[in-house]
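Observations on chain architecture
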Amino acid sequence: MDRDQVAEHLKFASELGVAGVSRDPAWRERGVGRERPGPVGDGLQTVPTQGTVPPPGAFPLHMSPSPAEGLTAVRTEIGDCTRCKLHGLGRRQIVFGVGSPTADLMFVGEAPGHDEDVQGIPFVGRAGQLLTKIIEAIGLKREDVYIANVIKCRPPENRNPERDEVETCEPFLFQQIDIIKPKVIVALGKFGAQTLLRTLDPISRLRGRVYEYRGAKLVPTFHPAYLLRNPSSKREVWEDMKLVRTLLK
Ligand code: URA
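One numbering rule holds for all chains: residues counted from 1, following each sequence as written. For this predicted model, a pLDDT threshold of at least 70 governs which residues receive local features, and a threshold of 80 or more governs which side-chain atom pairs are given and counted, while totals over whole chains, interfaces and linings are taken from all residues. The basis for every side-chain value is the complete set of heavy atoms in the structure, and neither hydrogens nor water enter the calculation.

**Examining the overall build of the protein**
Secondary structure is summarised from DSSP: a helix means a run of H or I of at least four residues, a strand means a run of E of at least two, and numbering begins at the N terminus for each. When its secondary structure is counted, the protein shows 10 helices and 7 strands. Type-normalised accessible area, obtained with a 1.4 Å probe on protein chains alone, sets the label of each residue: buried when under 20%, exposed when over 50%, and partly exposed for intermediate values. Burial status across the protein gives 45% buried among its 249 residues. Two residues qualify as a contact provided that any one of their heavy atoms is within 4.5 Å of a heavy atom in the partner residue. In the protein, once contacts between residues fewer than 6 apart in sequence are set aside, the share between residues at least 24 apart is 73%. The method behind every accessible area is Shrake-Rupley, applied with a 1.4 Å probe, and residues are considered shielded solely by the protein chains displayed. Looking at the protein as shown, the accessible area adds up to about 12,900 Å², and 52% of this sits on carbon and sulfur atoms.

**Concerning the pattern of salt bridges**
Put simply, a salt bridge is a Lys or Arg side-chain nitrogen that is within 4 Å of an Asp or Glu carboxyl oxygen. The tally for this structure, following the rule as stated, stands at 15 salt bridges. Where D201 meets R205, a salt bridge forms, and the shortest distance between an N and an O atom there is 3.7 Å. The partly exposed category is assigned to D201, whose relative accessible area is 29%. Between K217 and E212 there is a salt bridge; the shortest N-O distance is 2.7 Å. Exposure remark for K217: the relative accessible area of 27% places this residue in the partly exposed category. E212 sits in the partly exposed class, given a relative accessible area of 25%. What emerges from the salt-bridge pattern is a single network uniting K85, R159, E162, D164 and E165.

**Some words on the packing of helix α6 (residues 163-180) against helix α7 (residues 189-197)**
At their nearest, the axes of α6 and α7 sit 12 Å apart, and the two run at 80° to each other. Classified by the interaxial angle, the pair formed by α6 and α7 is roughly perpendicular. Listed contacts from α7 to V166, E170, L173 and F174 of α6 are F191, T195 and L196. Only Asp, Glu, Lys and Arg are considered charged in this grouping, and only Ala, Val, Leu, Ile, Met, Phe, Trp, Tyr, Cys and Pro are considered nonpolar; every other residue, Gly among them, is considered polar. Of the residues assigned to the contact of α6 with α7, the class counts are 5 nonpolar, 1 polar and 1 charged. Note on geometry: axes are lines fitted to C-alpha atoms, helical ones only across the stretch in contact, with angles between N-to-C directions running from 0 to 180 degrees. Any angle that is under 35 degrees is reported as roughly parallel, and any over 145 degrees as roughly antiparallel; angles of 65 to 115 degrees are reported as roughly perpendicular and all others as oblique.

**Here we look at the pairing of strand β3 (residues 105-109)**
In terms of burial, β3 is largely enclosed, as 5 of its 5 residues are buried. Burial of β3 is two-sided: the residues L105, F107 and G109 facing one way and the residues M106 and V108 facing the other way are all buried. Two strands pair when backbone bridges link them, and β3 and strand β5 (residues 184-188) are joined in this way by 4 bridges, in the parallel orientation. Pairing of L105 across the sheet is with V184, part of β5. Here, any two strands with at least 2 DSSP bridges between them count as paired. Here β3 runs beside strand β4 (residues 146-149); their pairing, made up of 4 bridges, is parallel. The residue bridging F107 from the neighbouring strand is I147, located in β4.

**What to know about the nonpolar core**
The term nonpolar core refers to a set of buried residues drawn from Ala, Val, Leu, Ile, Met, Phe, Trp, Tyr and Cys, joined through side-chain atoms within 4.5 Å. L105, M106, F107, I185, L196 and V244 are the most contacted members of the largest nonpolar core, which totals 62 residues. If near-sequence neighbours (up to four positions away) are discounted, M106 is found in contact with Y146, A148, L173, Q176, I177, I180, P182, V184, I185 and V186.

**Topic: the site of the ligand**
Near the ligand, the surroundings consist of G109, E110, A111, E116, P122, F123, N149 and H223. Within the complex, the protein chains bury 90% of what would otherwise be the 240 Å² of accessible surface of the ligand. Consider each residue's heavy atoms; a residue with any of them within 4 Å of a molecule or strand counts as near.

**So, helix α5 (residues 126-137)**
For a helix, the expected span equals 1.5 Å multiplied by the residue count minus one. Taking 1.5 Å of rise per residue, the 12 residues of α5 would be expected to cover 16 Å, and the 17 Å separating its terminal C-alpha atoms lies within 8% of that figure. Within the span of α5, buried status applies to A127, G128, L130, L131, T132, I134, I135 and A137.

**So, helix α10 (residues 234-248)**
Taking 1.5 Å of rise per residue, 15 residues should cover 21 Å, and α10 covers 21 Å from first to last C-alpha, within 8% of that figure. Among all positions in α10, only K234, E236, V237, W238, D240, M241, L243, V244, L247 and L248 are buried.

**Observations concerning unusual backbone geometry**
A positive phi angle, near 55°, is found at E157, a position not held by glycine. Turning to its location among the elements, E157 is positioned in the loop between β4 and α6. Residues other than glycine seldom take positive phi values, yet R214 does so here, at roughly 45°. Mapped onto the secondary structure, R214 falls in the loop between β6 (211-213) and β7 (216-221).

**Regarding the environment of E167**
As for its placement among the helices and strands, E167 is situated in helix α6. Since its relative accessible area comes to 46%, E167 is described here as partly exposed. Each C-alpha atom, one on E167 and one on V150, is 9.7 Å from the other, the two residues being 17 residues apart in sequence.

Just distances and angles here, no functional claims.
Dropping the structure here:
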């Protein structure tokens, strides 16, 4: 690392609330001998994309809706959803998505937690506050990006979403992606990455690479909630976010 890279790394760490540097040799050795991700575009994998499902009858054929109108149409289509069992398992409201309808960068998480269920906005709890810092660390604001989840309703006790719930809900995420047309999608955590990429590979193997996904570049990284429990993994997330920054240029 040269001086500028060290300074940049330290700034990222301090913005994310890392208070000190570990003296533990095991920590310092992490990554030694680990394969480095190749240059951007290296190891690109093509992932089959899902068909676009246009919001039914939302606009006359001769009028193409703006992205904001398109998103509103999808939200209207979802309505007060009762398509899967989560509607009867204690969810307060649907957490659709937030941010710029024309964002170049989109983040996809797993499912709303308690705070998101109360406020109706994705990533507003502790993990969300860390996500906001991660976004700001690459020079963007929350309003510049779009944030959504695979699942729009909170699963009880924050359990993992079940297969039928994913299958019912993910077409709405696909519509959001197809309307926003982001250049880059960051899949946050194991669940988001595995669902989008249709794989059971662990997030530690998926991250550090770029995937083709629905016309965007997809970068998997660790979930902010995981980072709260494992702060030393912020280093890998910073690598992933630098990759994102390069892809956005
Ligand atoms: N975790 C997620 O995956 N999504 C949220 O919106 C909040 C926490």
